[in-house]
Amino acid sequence: MGLLAELTHRCPLRCPYCSNPLDLVRRGAELPTATWRRAFAEARTLGVLQVHLSGGEPTARPDLVELVAHCADIGLYNNLITAGVLLDERRLDALLEAGLDHVQLSLQDAGPSSADTIAGFSGGHEKKLELGRQAVARGLPLTINYVVHRHNIAALDEMIELAAAMGARRIEIAHAQYHGWALRNRERLMPTLTMVEQARAVVEAARARHQGRLVIDSVEPDYYAKWPKPCCGGWGARIICIDPSGRVLPCHAADTIPGLEVWSLRHHCLADIWADSPAFNAFRGSDWMEAPCTGCERAPTCKGGCRCQALAIVGRAEAADPACQLSPHHAAFRALAVQAAGAPSEPRFRYRQFAGRARREKG
């Protein structure tokens with residue numbers, strides 16, 4: 001149904017919960033425009049309905065307007081997922097004229113001081129708010145995305161009201177997942193179970209308050225779950241992810257699984273990758289499942305949960321997702337959260353940045 005096109009890993013923000021891989025793709029290794037155009041055309045032929053232009057920060061690509069125009073020309077609903085700090089009014093107009101369908105804007109908090117601290121980008125919050133206003137004024141549907149963690153969860157109600165005041169039609173509340181780079185900041189970011197429960201109540205009240213005007217989607221942290229979520233609607237079932245170098249994955253974190261053979265657009269067409277690549281077939285269906293997943297009545301619903309999370313916590317991608325209360329590793333998984341949430345929150349984040357930027361700052 002959907003294609004996540006990670007056009008670049010370059011990003012001016014330095015978010016401490018960054019979900020991109022630890023090994024970032026450099027600019028020189030990014031796919032050229034022609035290959036992205038081919039990928040979108042092949043996706044449309046496969047039946048993909050919508051493409052999410054993401055990153056990193058997709059507006060760092062100088063060919064973004066051309067790519068949006070191509071998606072519009074071939075009938076792909078296109079959604080720009082952006083931090084908003086590099087996009088000015090002139091370029092927004094160019095994207096709109098090219099056929100941009102939707103803008104998804106990330107905000108880090110309700111207030112500028114906290115938001116800029118979390119993003120590691122001074123003045124970013126005001127730039128984001130201005131982009132949101134410009135998008136709504138031009139009639140573009142706007143989604144506001146909040147990544148929620150210990151440092152902003154208490155302001156969730158204010159964050160929701162800010163998005164509503166901006167004219168957003170949808171809010172996506174995604175609690176941080178503590179793998180990869182975010183693992184380095186887990187004790188700085190992990191909320192307590194009480195915080196999560198209070199946030200749940202805030203979301204339910206806001207849904208009632210804004211019913212019929214604003215859609216609010218919320219994904220709670222797996223560490224406090226009883227049952228796993230069907231990651232990406234099931235492995236290799238609904239979603240295609242393409243990284244900046246052209247590697248095609250069933251989910252954006254799948255390349256953390258050692259030994260997984262991932263095919264690239266540089267050597268294969270998208271249809272062959274979807275149907276035949278070892279990565280997409282590795283955990284399709286249920287034949288790969290082990291106990292307690294084997295024969296479980298919930299397996300058709302949860303699809304076995306998240307393979308990358310099983311690897312990160314248990315050490316084996318084939319293991320039951322530790323978010324499941326039937327997993328023998330569930331108690332230890334919960335204990336990790338309790339331990340991290342109980343630790344004193346350090347005042348400084350370990351920010352994410354490219355090595356080149358770090359060298360310039362040190363110089």
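Rules used throughout
Residues numbered from 1 in each chain as written. Predicted model: local features only at pLDDT ≥ 70, side-chain atom pairs only at ≥ 80, totals over all residues. Heavy atoms only, no water. Helix = DSSP H or I, 4+ residues; strand = E, 2+ residues; numbered from the N terminus. Buried < 20%, exposed > 50% of the residue type's maximum accessible area, 1.4 Å probe, protein only. Disulfide = S-S within 2.5 Å. Arc of directions from axis to C-beta. Contact = heavy atoms within 4.5 Å. Pairing = 2+ DSSP bridges. Right-handed = clockwise from strand over helix to strand, strands pointing away. Phe/Tyr/Trp six-rings, centres within 6.5 Å; stacked < 30°, edge-to-face > 60°. Lys NZ or Arg CZ within 6 Å of the ring centre and 35° of its normal.

When you look at unusual backbone geometry in this model, what are you seeing that I'm missing?
Excluding glycine, residues mostly have negative phi values, and the peptide bonds linking residues are mostly trans. Residue Gly56 follows Gly55 across a cis peptide bond; omega there is 15°. Mapping Gly56 onto the fold places it in the loop between β2 (50-54) and α2 (64-73). At the junction of Ala291 and Pro292, the peptide bond is cis and its omega measures out at 5° in the coordinates. Inspection of the secondary structure puts Pro292 in the loop between α10 (278-281) and α11 (299-302). At Cys232, a residue that is not glycine, the phi angle is positive and equals roughly 55°. Here Cys232 shows up in the loop between β7 (215-219) and β8 (239-242). Residue class for Cys232 comes out partly exposed when judged on its relative accessible area of 29%. Located in the positive-phi region is Lys303, a residue other than glycine, with phi close to 60°. Among the residues examined, Lys303 registers a relative accessible area of 37% and is labelled partly exposed.

For this particular structure, what's the right way to read the environment of Asp287?
Take Asp287: it is sitting in the loop between α10 and α11. Overall, Asp287 belongs to the exposed group, its relative accessible area being 79%.

Would you mind showing me how to read the state of the cysteines here?
Here is the idea: a disulfide is a covalent bond, and it sits between the sulfur atoms of two cysteines. Using the criterion set out here, one finds 0 disulfides in the structure. Lacking any disulfide linkage, Cys232 is separated from the closest cysteine sulfur, that of Cys231, by 4.0 Å.

Looking at this structure, how should I read helix α3 (residues 89-98)?
In an α-helix, one full turn covers 3.6 residues, which means residues spaced three or four apart are oriented alike. Here α3 has its buried residues at Arg91, Leu92, Leu95 and Ala98. Seen end-on, α3 carries its buried residues on one side only, within an arc spanning 120°. Among the exposed residues of α3, those pointing more than 90 degrees away from its buried face are Arg90 and Glu97. Residues of α3 that are buried sit in contact with α2, β3 (77-82) and α5 (124-137). Downstream of α3 by one or two residues, Gly99 has phi in the positive range, about 120°.

Please explain the pairing of β2 as it appears in this structure.
One face of the sheet, then the other: side chains in a regular strand alternate in exactly this way. Pairing of strand β1 (residues 2-6) with β2, which is carried by 5 bridges, proceeds in the parallel orientation. Across the sheet, the residue bridging to Leu3 is Val51, located in β2. After leaving β1, the chain enters helix α1 (residues 33-46) and then returns to the sheet as β2, a path that is right-handed. Alignment of β2 against β3, held across 4 bridges, turns out to be parallel. Note that in β3 the partner of Val51 across the bridge is Asn78. For the crossover that starts at β2, traverses α2 and ends in the parallel β3, the hand is right-handed.

Looking at this model, I keep getting lost on the packing of aromatic side chains. Mind explaining?
For the coordinates displayed, the defined rule picks out 7 aromatic pairs. Through a chain of ring-to-ring contacts, the aromatic side chains of Tyr178, Tyr223 and Phe333 assemble into a single cluster. Sitting over the ring of Trp274, Arg284 keeps its end group 4.7 Å from the ring centre. Its end group placed over the ring of Trp227, Arg298 keeps NZ or CZ at 4.1 Å from the ring centre.

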